[in-house]
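What follows is the residue order along each chain.
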Amino acid sequence: MIHVKNLKKSFGSLEVLKDISIDISEGEVVVLLGPSGSGKSTFLRCLNQLEMATSGTIVVDGNHVTSKHTDINKVRENIGMVFQHFNLFPHKTVLQNITHAPIKLKKMTKDEAKDKAMQLLRRVGMESKADVYPSQLSGGQKQRVAIARALAMNPDVMLFDEPTSALDPEMVGEVLAVMQELVADGMTMVVVTHEIGFAREVADRIVFMDGGYIVEQGTPEEIILHPKEDRTIDFLNKVL
Ligand code: ADP
Ligand code: MG
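- The name given to the protein in an unreviewed UniProt entry is Amino acid ABC transporter ATP-binding protein, with the source organism recorded as Variimorphobacter saccharofermentans.

Some thoughts on the UniProt feature "domain: ABC transporter" (unreviewed entry) in the protein
- Residues given the UniProt feature "domain: ABC transporter" (unreviewed entry) here are residues 2–236.
- In residues 2–236, the share of helix is 38% and the share of strand is 26%. The end C-alpha atoms are 27 Å apart.

Some words on the pairing of strand 7 (residues 157–161)
- Extensive coverage of strand 7 is indicated by the burial of 5 of its 5 residues.
- Along strand 7, one buried face is formed by Val157, Leu159 and Asp161 and the opposite face, lined by Met158 and Phe160, is buried too.
- Here strand 6 (residues 79–82) runs beside strand 7; their pairing, made up of 4 bridges, is parallel. Across the sheet, glycine 80 pairs through a bridge with methionine 158, a residue of strand 7.
- With 5 bridges connecting them, strand 7 and strand 8 (residues 188–192) associate as parallel partners. Bridge pairing in strand 8 places aspartate 161 opposite valine 192.

What to know about the site of ligand 1
- Residues in close proximity to ligand 1 include Phe11, Leu14, Val16, Pro35, Ser36, Gly37, Ser38, Gly39, Lys40, Ser41 and Thr42, which together make up its full environment.
- Contact between ligand 1 and serine 38: an oxygen atom at 3.2 Å from a main-chain N or O atom of the residue.
- Between lysine 40 and ligand 1, the recorded distance is 2.8 Å, taken from a side-chain N or O atom to an oxygen atom.
- A total of 560 Å² of accessible area belongs to ligand 1 in isolation, and the protein chains cover 60% of it.
- Contributions of two or more residues to the shell around ligand 1 are made by strand 2 (14–24) and helix 1 (40–47).
- If you tally residues by element for the shell around ligand 1, the top one is helix 1, at 3 residues.

Digging into the layout of surface pockets
- Estimates place the volume of the largest pocket at around 590 Å³.
- Forming the boundary of the largest pocket are 20 residues, of which Arg76, Ile79, Met81, Ala101 and Met153 lie nearest the centre.
- Put simply, the parts of the chain that give the lining of the largest pocket at least two residues each are helix 2 (72–77), strand 6, helix 3 (94–105) and helix 5 (139–151).
- Residue contributions to the lining of the largest pocket peak at 5 residues, all from helix 3.

A few points about the packing of helix 5 against helix 6 (residues 169–184)
- Put simply, helix 5 and helix 6 touch, their axes get as near as 8 Å, and they point 20° apart. Relative to helix 6, the element helix 5 is oriented roughly parallel. In the packing of helix 5 onto helix 6, the handedness of the crossing is right-handed. Note on element contacts: helix 6 touches helix 5 through Met171, Glu174, Val175, Val178, Met179 and Leu182, opposite Gly139, Gly140, Gln141, Gln143, Arg144, Ile147 and Leu151.
- Of the residues assigned to the contact of helix 5 with helix 6, the class counts are 7 nonpolar, 4 polar and 2 charged.

What to know about the sheet that holds strand 6
- Strand order across the open sheet formed by 6 strands is 6-7-8-3-9-10, with mixed pairing between neighbours. On the outer flanks of this sheet lie strand 6 and strand 10 (213–218), each paired with one strand and no other. Each neighbouring strand pair of the sheet contributes to a mean axis angle of 20°, computed without reference to strand direction.
- Looking at chain direction, strand 3 (residues 29–33) and strand 9 (residues 205–210) are connected through 4 bridges and run parallel. Note that in strand 9 the partner of leucine 33 across the bridge is phenylalanine 208.

Some thoughts on helix 5
- Given a rise of 1.5 Å per residue, 13 residues ought to cover 18 Å, and the 18 Å separating the end C-alpha atoms of helix 5 matches this to within 8%.
- In terms of burial, helix 5 is a largely internal element, 12 of the 13 residues being buried.
- Looking at helix 5, one finds that the buried residues are Gly139, Gly140, Gln141, Gln143, Arg144, Val145, Ala146, Ile147, Ala148, Arg149, Ala150 and Leu151.
- Looking at the packing, one finds that the buried side of helix 5 touches strand 6, helix 3, helix 4 (110–123), strand 7 and helix 6.

Parameters and conventions
Residues numbered from 1 in each chain as written. Chains lettered and ligands numbered in written order. Predicted model: local features only at pLDDT ≥ 70, side-chain atom pairs only at ≥ 80, totals over all residues. Heavy atoms only, no water. UniProt positions renumbered as here; feature names shortened; annotations may be inferred. Helix = DSSP H or I, 4+ residues; strand = E, 2+ residues; numbered from the N terminus. Buried < 20%, exposed > 50% of the residue type's maximum accessible area, 1.4 Å probe, protein only. Pairing = 2+ DSSP bridges. Near = heavy atom within 4 Å. Polar contact = N/O pair within 3.5 Å; in protein donor to acceptor, adjacent residues only side chain to side chain. Areas by Shrake-Rupley, 256 points an atom, 1.4 Å probe, with all protein chains shown as cover. 1 Å grid on protein atoms, 1.4 Å probe; cavity = no way out; pocket = protein on both sides within 12 Å on 5 of 7 lines; lining within 4 Å. Points joined across faces, edges and corners; volume = space filled by probe spheres on them. Axes fitted to C-alpha atoms, helices over the stretch in contact; angles between N-to-C directions. Parallel < 35°, antiparallel > 145°, perpendicular 65-115°, else oblique. Left-handed = near helix turned anticlockwise from the far one by under 90°. Contact = heavy atoms within 4.5 Å. Nonpolar A, V, L, I, M, F, W, Y, C, P; charged D, E, K, R; others polar. Expected span 1.5 Å × (residues − 1).

Laid out in structure tokens, this is it:
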């Protein structure tokens with residue numbers, strides 16, 4: 001589903017991604033771990049061209065993300081992204097937040113988009129909030145709406161960048177539960193998170209990044225219980 005080869009990304013003279021190669025299969029759940037500043041967000045953002053790769057190739061679901069000839073908007077429609085800070089449209093209701101892109105980009109009718117949005121809101125346990133504005137929601141509720149909004153485009157891949165880091169602790173569980181359901185549905189997911197318990201439970205593979213490189217990767221058991229590299233051991237000692 002995702003093929004990344006020799007990806008490099010610099011901001012001016014700062015080389016943030018130094019040489020990343022990774023293949024991710026359909027239905028695979030990959031959790032990215034690593035210290036702050038190691039390039040995790042930059043990597044996710046390169047996958048859907050929110051950042052342009054400096055060199056290397058990225059292919060997602062057969063689309064050459066890094067090629068000049070690719071319509072990147074079409075690629076993005078197929079990749080859902082959920083951020084730490086929700087990024088909901090403040091002046092749209094919950095329902096409008098979800099129907100906006102399908103009406104505009106998928107040319108759905110308003111009724112079709114609304115039906116689909118209500119289905120998704122039921123799925124994330126938010127149907128009673130369809131007509132309220134984001135400011136009236138808790139952080140956990142906002143994040144569940146953000147997930148529903150990403151799903152409204154029927155993506156084949158979902159990217160999550162620390163989706164629970166900005167939440168009060170009591171709201172982390174409700175968001176992880178929604179993500180866990182996506183895993184159960186077979187969604188291909190790349191998740192940056194410090195929730196090690198979640199990673200252990202749902203990840204098919206854990207990738208540990210540091211300094212713009214993949215330092216080591218393997219099953220949750222291999223990486224969390226039996227890490228080999230000093231940098232992985234150091235990191236886990238800090239977060240566990
Ligand atoms: P992580 O998500 O692992 O914390 P990031 O990918 O956000 O790491 O950042 C990696 C490095 O790239 C950091 O040093 C950060 O300051 C730098 N960086 C990220 N985005 C930009 C940008 N738009 N311009 C300049 N530097 C950036
Ligand atoms: Mg980050």
